[in-house]
Structures are given as C-alpha cells and as structure tokens.
Amino acid sequence: MANRSLAQRVGAFRRLNPVFVAFLAVTFLSGIAGALQAPTLSLFLTTEVKASPLWVGLFYTINAVAGIAVSFLLAKRSDHSGNRRSLILVCLLMAVGNCLLFAFNRHYLTLITGGVLLAAVANAAMPQLFALAREYADNSAREVVMFSSMMRAQLSLAWVIGPPLSFTVALNYGFTWMFSLAAVFFLVSAFVVWWVLPSVPRAAQPVDQVVVSTKAWNDVNVRTLFFASLLMWTANTMYIIDMPLYISHDLGLPDRLAGLLMGTAAGLEIPAMLLAGYYVKRIGKRKMMIGAVMAGVLFYGGLVLFQGKTALLLLQLFNAIFIGIVAGIGMLYFQDLMPGRPGSATTLFTNSISTGVIVAGVVQGLVAEHISHYAVYCVAAALMLVALLLTCRVRDV
C-alpha cells in the first residue's frame, strides 16, 4: 500500500512537470492579455479614436476577416513545415507590437491597417499553442483530453479576471496604461515560450481533409445547425461590441460595470461547461443545445426588458448557460451529425463563429449608427429566437 501510494505521488509529480506548468502559464498570461484588450476595444475606438458606431463595427468585421485569412495561412504552413514554437514566439511578439501601437496611437486608419495586420498574426498564437500542447502530450504519452481541458480552464479563468481589470485600469489610469499592461503580459508569455517550451518533432500525419464536402452540406440538419450557430455567435458578438457603449451612453451606468458583467459571465461559464460535459450523455446533445439557446433567448430578451445594474448581473446566469453549453456541445453536435468527418465538422463549427463575428460587426455598426444601441439588443433577441426555431428542427443524434 505504501509503495503504491509512493508510486502515485511520483506519477503525479511527473505529470506536473515544468513544461506542463509552462503551457498553463502561457495560456493564462496570454489569455489575460487578450481579456484586457477585447472588452474595452469598442469604448477605446469611440472615446479615444472618436470613431462612429458604424466605423467601430467595421473595425471588428475587418479584424475578423484578416484574422481568419492569416490564421488559415499560418496554420497551413505550420502543419506542413516550420517550427511551431518559433511561430508562437513570433505571434506573441506581434501581439506586443500591436498593444504598443494601440497604447500610443489614436489614428483610425493606422489602427485598421497596421493594427489589424499585427492583431491577425497575434491571434494565431493561441491555436498554435494548443496544437503544440497536443503534439507535446502525444509525444510524452500524457492524457490529451485532460491536458487540453486544463489549458481551456486557464482561458476561462483569464476572462474572469481580465475584463474587470481592463475597465479598472483604462478608466482610472487611461488606455495607454491598459494596453501597455497587456503588452507586458504578452512579453512575459513570449519569454516563457522561449525559455521553457520545447520544439516538438513533427510526426508524420495522415492528411486530414478539413474542407467541408458537398455531401455534408447537402444534409439539411448540418445546414440548419450551421445557420443556427451563425445566428447565435452573431448575437453574442453584437453584445460584446455594443455593451460597453450601451451601458455608458444610454443607461448612464458606470463604465466599469461592463467588465464586471463579462467577468461574472466567464466565471459562471466554467461550472456550466463542466455540468454540460457531465450530463450530456444522460440528457442528449439536442435537448441540451435547445435548452442553451432558450437560455440565450431569455438573456437577450432580458436585456430588452431590463436596464438596471442588478438585473444585468442576474441575467449573466442565462448568458453563461448559453455560451458555456453552446461553445462545448455545439462542436460535438456537428461531429455527431457528420460521423467519420471530425475535421470537416470542427471546421463548420469554427466557421459559423468566424462568420458570426463578421456579420455582427456590420449589423451592430449599422443599427447603432442609424437607430440606437438599445435596438442592437432587439435585433440580437430576434436572431436568438430564429436560432431557437432552427435548433429545434435539427434531428437528434
């Protein structure tokens, strides 16, 4: 018994090696840096750059399009050649440059050209980090799913801390200090990558066909789930872009409340994800997805009906259930509808998110510019209702 206990302790120590800790640290630090920038970006563009709501929305759309294109090119190159660790290091250094550009520049054309280009390269750091972690886990015979889950937990934790910290620093000390702080986190992440993370030899892999086949797209259930997912992520991105502006301009509430709302939702998403993973076999993916989208309808409907601070905080429970379940179970639902084609299924899911971001930037900008910020949530609630109807039409698997 004593020998077995000792062996277990030694095994636990081996699992918690410096490289493993470094992966978690880089995920958390770079996650914090990203969570510092994203929540206040629309507020920064409006108050510091003096951009109109339409140009704020277009900034998000152009940023998303550039990010998709650059990430695809870098991912294709990294999967076939090159050192993934070096690519992560370059991406993190580009992130540092992007933060410093935003810290000391207030010219819209410079930010939407040079800033977007730097951000597009920088955004590839996280998927490349997860890819390197997968290769490291495979080569060191570690449990891949648990390794990846712990890294994702660091991202969720970063979004609990990042948004409130972002608004606190930006509102009390200015955006220059906020973006500079994000640059420091990215720089520390780059140092950890350079100092600790390994260069994992690339194993020969069979070609994974990730292009969605015509046969898959001809399946009405796959198409229906894709458009439902697109509408969900469009509504979610419209909320993220518009909420800081709506709170300060229309509701007259403290700007820092936006950070508190985002942090609260991120914190509640963690148990929502865990509970969804535990109960999904018992409840089923279709029922769980319908329940999640219903929570989304209640969330956006609540934003239309209620404007008080307490109500906005309480509504985050529905937001957390919605995002926590859809972000995890949604991808699995696509995979079950497309058996034997996990690459194509995952690509469809991620494309629905990316397309949603692009659409959201345009729709939010147009609605806020020509109608009002309040109307943005009326549109988002309508999109969620349509998404619910579409989700109900997808067959069970």
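Residues numbered from 1 in each chain as written. Predicted model: local features only at pLDDT ≥ 70, side-chain atom pairs only at ≥ 80, totals over all residues. Heavy atoms only, no water.

- Taking an unreviewed UniProt entry as the reference, the protein chain is identified by name as MFS transporter belonging to Chimaeribacter coloradensis.
- The annotation that UniProt attaches to the protein chain under Sequence similarities (unreviewed entry) is "Belongs to the major facilitator superfamily. Set transporter family."
- In its Subcellular location (unreviewed entry) section, UniProt records this for the protein chain: "Cell inner membrane". (UniProt positions renumbered as here; feature names shortened; annotations may be inferred.)

**Some words on the overall build of the protein chain**
And then number 1: Assigned secondary structure in the protein chain consists of 16 helices and zero strands.
And then number 2: Looking at the 397 residues of the protein chain, the share that counts as buried comes to 48%.
And then number 3: The contacts in the protein chain between residues at least 6 apart in sequence include a share of 83% that link residues at least 24 apart.
And then number 4: Carbon and sulfur atoms make up 69% of the accessible area of the protein chain, which amounts to about 18500 Å² in all. (Helix = DSSP H or I, 4+ residues; strand = E, 2+ residues; numbered from the N terminus. Buried < 20%, exposed > 50% of the residue type's maximum accessible area, 1.4 Å probe, protein only. Contact = heavy atoms within 4.5 Å. Areas by Shrake-Rupley, 256 points an atom, 1.4 Å probe, with all protein chains shown as cover.)

**Points about the packing of helix α5 (residues 84-104) against helix α9 (residues 175-195)**
And then number 1: Between α5 and α9, the shortest axis-to-axis distance is 8 Å and the interhelical angle comes to 165 degrees. When the axes of α5 and α9 are compared, the pair comes out roughly antiparallel. The handedness of the crossing between α5 and α9 is left-handed. Residue-level inspection shows Arg 85, Ile 88, Leu 89, Leu 92, Leu 93, Ala 95, Val 96, Cys 99, Leu 100, Phe 102, Ala 103 and Phe 104 of α5 in contact with α9, the latter providing Thr 176, Phe 179, Ser 180, Ala 182, Ala 183, Phe 186, Leu 187, Ser 189, Ala 190, Val 193 and Trp 194.
And then number 2: Among the residues forming the contact of α5 with α9, the class breakdown is 19 nonpolar, three polar and one charged. (Axes fitted to C-alpha atoms, helices over the stretch in contact; angles between N-to-C directions. Parallel < 35°, antiparallel > 145°, perpendicular 65-115°, else oblique. Left-handed = near helix turned anticlockwise from the far one by under 90°. Nonpolar A, V, L, I, M, F, W, Y, C, P; charged D, E, K, R; others polar.)

**Structural notes on the nonpolar core**
And then number 1: Counting residues in hydrophobic clusters, the biggest one holds 122 residues, and the most contacted among them are Phe 23, Phe 44, Phe 59, Met 232 and Tyr 300.
And then number 2: Element by element, the count of residues in this core is highest for helix α11 (residues 220-250), at 16 residues.
And then number 3: Looking at which domains feed residues into this core, each of domain 1 (16-198) and domain 2 (214-396) gives three or more. (Core = buried A, V, L, I, M, F, W, Y, C linked by side-chain atoms within 4.5 Å. Domains from an automatic or database assignment.)

**Remarks on the packing of aromatic side chains**
And then number 1: All told, the structure shown has 17 aromatic pairs when counted by the stated rule.
And then number 2: Ring geometry for Phe 226 against Phe 227: centres 5.5 Å apart, planes inclined by 80 degrees, an arrangement best described as edge-to-face.
And then number 3: Judged by relative accessible area, which is 40%, Phe 227 ranks as partly exposed.
And then number 4: Measuring from centroid to centroid gives 4.7 Å for Tyr 246 and Tyr 377, while their planes differ by 45 degrees, and the two rings are tilted. Note that Tyr 246 is positioned in helix α11 and Tyr 377 in helix α16 (residues 373-392), a separation of 131 residues in sequence.
And then number 5: On the accessibility criterion, Tyr 246 (5% relative accessible area) is buried.
And then number 6: The rings of Phe 44, Trp 55, Phe 59, Phe 102, Tyr 108, Phe 175 and Phe 179 are connected pair by pair, giving a single aromatic cluster. (Phe/Tyr/Trp six-rings, centres within 6.5 Å; stacked < 30°, edge-to-face > 60°.)

**Remarks on the packing of helix α12 (residues 256-283) against helix α14 (residues 309-337)**
And then number 1: Where α12 meets α14, the axes come as close as 6 Å, and the angle between the chain directions of the two elements is 40 degrees. Judged by the angle between their axes, α12 and α14 are oblique. The chirality of how α12 crosses α14 is right-handed. Counting all contacts with α12, which are made through Leu 257, Leu 260, Leu 261, Thr 264, Ala 265, Leu 268, Glu 269, Ala 272, Met 273, Ala 276 and Val 280, the residues of α14 involved are Lys 309, Leu 312, Leu 313, Gln 316, Leu 317, Asn 319, Ala 320, Ile 321, Ile 323, Gly 324, Ile 325 and Ile 329.

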